[in-house]
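Listed below, chain by chain, are the residues.
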Amino acid sequence: MRQQVLVLYLGNSALDAPVVGWSLYDGTGRTSPTTGDSDEPPYATGVDALRDGWRLFQAAQLVPPYPGHEYDVSFLKHEFFFEKITDTRA
């Protein structure tokens, strides 16, 4: 059994918001995805990943911006981690 991890960055804190960035890590060794290897996200929303069997195990904390910094550009705040446990014997 090996873990696959999918990180989706969504447009806002709602799980049905559009995906704006993503990363995939494959502990099975079957694939070797790299950053920027696809122009299309693997799913349109986080809910779509759930429907495909990915399990949500972490969502970003909702931290309000510090007063006066509401429009600062920084890291992608709405980060969701998903996992799949895959049988590598198959």
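Please read these numbers as outputs of a predicted model, since none were measured by experiment. Residue indices begin from 1 for each chain and proceed along its sequence in written order. The model is predicted, so local features are restricted to residues of pLDDT at least 70 and side-chain atom pairs to those at 80 or more, both for listing and for counting; the totals for chains, interfaces and linings are taken over all residues. Side-chain measures were taken over the full set of non-hydrogen atoms in the model, leaving aside hydrogen atoms and water.

Go over the confidence of the model for the chain with me, naming the residues and quoting the values.
The quantity known as pLDDT measures the predictor's confidence residue by residue, on a range of 0 to 100. The pLDDT averaged across the chain works out to 88; a share of 96% of its residues lies at or above 70. Looking at the elements of the chain, mean pLDDT is at its lowest for strand S3 (residues 55–59), recorded as 90, and at its highest for helix H1 (residues 46–51), recorded as 98. Helix numbers and strand numbers start at the N terminus; a helix is a DSSP run of H or I with at least 4 residues, a strand a run of E with at least 2.

Please give an account of the environment of Val 7 that cites residues and values.
For Val 7, the position within the fold is in strand S1 (residues 2–10). Note on Val 7: relative accessible area 3%, which makes it buried. Once the C-alpha coordinates of Val 7 and Pro 18 are considered, the two residues, 11 residues apart in sequence, prove to be 13 Å apart. Every residue pair with non-hydrogen atoms within 4.5 Å of one another is taken to be in contact. The residues touching Val 7, leaving out its near neighbours within four places in the chain, are Gly 21, Trp 22, Ser 23, Tyr 25, Glu 79, Phe 80 and Phe 81. In this scheme, a residue with accessible area under 20% of its type's maximum is buried, one over 50% is exposed, and one in between is partly exposed, where area comes from a 1.4 Å probe on protein chains only.

Outline the packing of aromatic side chains, listing residues and values.
Note on aromatic pairs: each is described by the distance of the centres and the angle between the planes. Aromatic pairing here means that ring centres of Phe, Tyr or Trp (its six-membered ring) are within 6.5 Å. Orientation follows from the plane angle: under 30 degrees is stacked, over 60 is edge-to-face, and everything else is tilted. A complete count under the given rule lists one aromatic pair for this structure. Ring centres 6.1 Å apart and planes at 50° place the aromatic pair Phe 57 and Phe 81 in the tilted group. Here Phe 57 is found in strand S3, whereas its partner Phe 81 is found in strand S4 (residues 79–86), with 24 residues between them in sequence. Residue classification places Phe 57 among the partly exposed residues on the basis of a relative accessible area of 43%.

Tell me about the nonpolar core, residues and numbers included.
Grouped together as the largest cluster of nonpolar side chains are 10 residues: Leu 6, Leu 8, Leu 10, Ala 17, Val 19, Tyr 43, Ala 49, Trp 54, Phe 80 and Phe 82. Broken down by secondary-structure element, the contributors of at least two residues to this core are S1 and S4. Ranked by residues supplied to this core, first place goes to S1 with three residues. Once residues lying within four places of it in the same chain are set aside, the contact partners of Tyr 43 are Leu 6, Val 19, Asp 48, Ala 49, Asp 52 and Trp 54. Only buried residues count toward a nonpolar core. Its members are Ala, Val, Leu, Ile, Met, Phe, Trp, Tyr and Cys residues joined through side-chain atoms within 4.5 Å.

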